[in-house]
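Chain and residue survey
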Amino acid sequence: QVQLVESGGGLVQAGASLRLSCAASGLSLRSYAMGWFRRTPGKEREFVAAINWSGDSTYYAASVKGRFTISRDNAKNTMYLQMDSLNAEDTAVYSCAARRWVYGVLVGTQYDIWGQGTQVTVSS
């Protein structure tokens, strides 16, 4: 069974850091582009960051650029999102996504494998 499972969310104060993980099972991520998205109640799903299959190309939403860092370890079949300088606007459910794609990053919702999400809450 193909599955993506996020972890690392929680409740933190503004200015703190969190590191999210996205672990894959049932597939090898070596040929998959991956991304992070977030959603808050009443809003559309928002793109956060993307990384290509090898990890040498990344792309960020303007709202998180310079504060968040996406990375991956294909040997561990896991992707990460390091989130620094968190603020209340970062509060959301964060989900990871994957798509078999070796041509670069995917910044839209073209992904076809999604995790359930992990809650991140930042108190101001």
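Scroll up a little and you will see the structure.
Below you will find a few notes about this structure. (Residues numbered from 1 in each chain as written. Predicted model: local features only at pLDDT ≥ 70, side-chain atom pairs only at ≥ 80, totals over all residues. Heavy atoms only, no water.)

**A closer look at the environment of Trp36**
Looking at the element boundaries, Trp36 is found in strand β4 (residues 32–39). Here the side chain of Trp36 touches Tyr80 through a polar contact of 3.3 Å, landing on its backbone oxygen. (Helix = DSSP H or I, 4+ residues; strand = E, 2+ residues; numbered from the N terminus. Polar contact = N/O pair within 3.5 Å; in protein donor to acceptor, adjacent residues only side chain to side chain.)

**Some remarks on the pairing of strand β8 (residues 78–83)**
Extensive coverage of β8 is indicated by the burial of five of its six residues. Relative to β8, strand β3 (residues 18–25) runs antiparallel, the two sharing six bridges. Of the residues in β8, the one forming a bridge with Leu20 is Leu81. Examined bridge by bridge, strand β7 (residues 68–73) and β8 share six bridges and lie antiparallel to one another. Residue pairing across strands places Ile70 opposite Leu81, the latter belonging to β8. Hairpin connection from β7 to β8: four residues lie between these consecutive antiparallel strands, with Asn77 at a positive phi of about 55°. (Buried < 20%, exposed > 50% of the residue type's maximum accessible area, 1.4 Å probe, protein only. Pairing = 2+ DSSP bridges.)

**Topic: the sheet that holds β3**
Spatially, β1-β3-β8-β7 is the arrangement adopted by the four strands of the open sheet, whose pairing is antiparallel. The open sheet is flanked by β1 (3–7) and β7, the only strands paired with a single partner. Shown here is a sheet whose adjacent strand axes are inclined to one another by a mean of 15°, direction ignored. As judged from the five bridges shared by β1 and β3, these two strands associate in the antiparallel manner. By the bridge assignment for β3, Leu4 is matched with Ala24. (Axes fitted to C-alpha atoms, helices over the stretch in contact; angles between N-to-C directions.)

**So, the state of the cysteines**
By the definition in use, this model includes one disulfide. A disulfide bridge connects Cys22 with Cys96, and the sulfur atoms are separated by 2.1 Å. Taking the torsion about the sulfur-sulfur bond, which here is approximately 65°, the covalent link between Cys22 and Cys96 counts as right-handed. Of the two residues, Cys22 is situated in strand β3 and Cys96 in strand β9 (residues 92–100); the sequence distance between them amounts to 74 residues. (Disulfide = S-S within 2.5 Å.)

**A look at the side chain of Glu6**
In this structure, Glu6 sits in strand β1. Although Glu6 lies buried, it forms no salt bridge, and the closest oppositely charged side chain, Arg45, sits 8.8 Å away as judged by the N-O distance. Within polar-contact distance, the side chain of Glu6 engages the backbone nitrogen of Cys96 at 2.9 Å. A polar contact of 3.2 Å, which involves the side chain of Glu6, links it to the backbone nitrogen of Gln116. For Glu6, the contacting residues outside a window of four places in its chain are Ser21, Cys22, Trp36, Tyr94, Ser95, Cys96, Gly115, Gln116, Gly117 and Thr118. (Lys, Arg positive; Asp, Glu negative; His and termini not counted. Salt bridge = Lys/Arg side-chain N within 4 Å of Asp/Glu carboxyl O. Contact = heavy atoms within 4.5 Å.)

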